[in-house]
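Chains, contacts and geometry: an overview
Given next are the chains, with one letter for each unit.
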Amino acid sequence: MGDVSSSPVLRVRKSGAVLVAALIALVGTAPVAGSSWALSPLFLIPIAILVWAWRAGTDVYPEELRVRALFGGSRVPFTRITELAPDERGRVSALLDNGNVIRLTGVTRDNLPRVLEASGHPIAAGQRDAADQ
């Protein structure tokens with residue numbers, strides 16, 4: 001795969017609103033979960049959402065994309081990607097040369113041109129017009 005730099009050219013994450021909502025949920029859970037040991041596992045729900053919101057996303061490197069989730073992640077070399085396409089909700093997925101599809105966490109129709117530019121794979125003029133529709 002070659003030498004991939006240790007830090008990504010671009011990091012794409014979910015909206016910061018998810019992180020703020022998880023913090024609010026954690027604070028809101030405290031009175032209920034703190035009232036009894038039996039309810040203390042309720043803290044795990046907002047903590048898991050907080051960790052997911054912090055970690056999940058797509059890191060762009062010159063040679064590959066790294067899609068990160070709550071646990072684990074995937075490395076996808078650009079040589080294996082045949083198409084990047086948004087769905088009806090604007091979320092972008094990568095179609096691989098073996099037919100598999102990987103959803104790129106945090107990448108949307110709006111920030112796809114930035115992702116491609118950061119990777120060194122800019123959108124051609126005809127593709128840009130199609131991406132705008």
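Cut-off values and rules
Residues numbered from 1 in each chain as written. Predicted model: local features only at pLDDT ≥ 70, side-chain atom pairs only at ≥ 80, totals over all residues. Heavy atoms only, no water. Patch = residues over 30% accessible without salt bridge, like charges linked within 9 Å, V, L, I, M, F, W, Y side chains within 5 Å. Areas by Shrake-Rupley, 256 points an atom, 1.4 Å probe, with all protein chains shown as cover. Salt bridge = Lys/Arg side-chain N within 4 Å of Asp/Glu carboxyl O. Buried < 20%, exposed > 50% of the residue type's maximum accessible area, 1.4 Å probe, protein only. Helix = DSSP H or I, 4+ residues; strand = E, 2+ residues; numbered from the N terminus. Polar contact = N/O pair within 3.5 Å; in protein donor to acceptor, adjacent residues only side chain to side chain. Contact = heavy atoms within 4.5 Å. UniProt positions renumbered as here; feature names shortened; annotations may be inferred.

What follows deals with a nonpolar patch on the surface. A cluster of nonpolar side chains, V32, L39, L42, I45 and I49, forms an exposed patch at the surface whose accessible area comes to about 390 Å². In this structure V32 comes out as partly exposed when scored by relative accessible area, which is 44%.

Once that is clear, we can look at the pattern of salt bridges. Taken as a whole, this structure holds 6 salt bridges when the rule is applied. Here R68 and D59 are joined by a salt bridge, their closest N and O atoms 3.6 Å apart. Relative accessible area serves as the criterion here: at 25%, R68 is assigned to the partly exposed category. Residue D59 is classed as buried on the basis of its relative accessible area, which comes to 2%. Between D97 and R80 there is a salt bridge; the shortest N-O distance is 3.1 Å. A residue pair is termed long-range when its members are at least 10 positions apart, and D97 in the loop between β6 (91-96) and β7 (101-108) and R80 in the loop between β4 (73-77) and β5 (81-86) qualify at 17 residues. Looking at R80, the relative accessible area reads 29%, which means it is partly exposed. Via salt bridges that share partners, R13, D59 and R68 belong to a single interconnected network.

Attention now goes to the side chain of N111. Inspection of the secondary structure puts N111 in the loop between β7 and α3 (112-119). For N111, a relative accessible area of 15% corresponds to the buried category. For N111, the side chain forms a polar contact with the main-chain oxygen of G106, separated by 3.2 Å. Within the structure, N111 has its side chain in polar contact with the backbone nitrogen of T108 (distance 2.7 Å). Discounting chain neighbours no more than four positions away, the residues touching N111 are V12 and G106.

On to the UniProt feature "transmembrane region" (unreviewed entry) in the protein, then. With numbering aligned to this structure, UniProt lists the feature "transmembrane region" (unreviewed entry) at residues 12-30. Overall, residues 12-30 shows 79% helix and 11% strand. The separation of its end C-alpha atoms is 31 Å.

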